[in-house]
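# Survey of secondary and tertiary structure
If you want the building blocks of each chain, they are given just below.
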Amino acid sequence: KDLEERSNQIDKRITELNGTAEKSDNQQASSSIRTAITALREEKDSLDEKIKTIQNREEDWSTAYDAITTSIMDIETELEKLNTSLENN
């Protein structure tokens, strides 16, 4: 969640800097701003990659958790059958 917020903040900052660079009459300042924009885009790409990795891990864990839950339910069902069978004998 924090990474997503940071990524959104970078998007906003890039938009602001693009506007500043376009309005600037000073070519050196504009060039520096463009360099900063490039650095921010690289940071954003890195953050977006981390976000994607985390989301994939969460999906993997969710699938594993579901499989474990299903297995536990199957075991409980078998234990109930065994308990019923023992009570009947």
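Scroll up for the structure.
Residues numbered from 1 in each chain as written. Predicted model: local features only at pLDDT ≥ 70, side-chain atom pairs only at ≥ 80, totals over all residues. Heavy atoms only, no water.

## Focus: the environment of T53
With respect to the secondary-structure elements, T53 resides in helix 2 (residues 27-88). Put simply, T53 and A67 are 14 residues apart on the chain and 21 Å apart in space, counted from C-alpha to C-alpha. (Helix = DSSP H or I, 4+ residues; strand = E, 2+ residues; numbered from the N terminus.)

## A word on the packing of helix 1 (residues 2-23) against helix 2
Interaxial distance between helix 1 and helix 2 falls to 9 Å at its minimum, and their mutual angle equals 160°. Of the possible angle classes, the one that applies to helix 1 and helix 2 is roughly antiparallel. Handedness of the helix 1/helix 2 crossing: left-handed. Each residue belonging to the contact of helix 1 with helix 2 can be placed in one class, and the counts come to 12 nonpolar, 5 polar and 11 charged. (Axes fitted to C-alpha atoms, helices over the stretch in contact; angles between N-to-C directions. Parallel < 35°, antiparallel > 145°, perpendicular 65-115°, else oblique. Left-handed = near helix turned anticlockwise from the far one by under 90°. Nonpolar A, V, L, I, M, F, W, Y, C, P; charged D, E, K, R; others polar.)

By themselves, these figures tell us nothing about what the structure is for.
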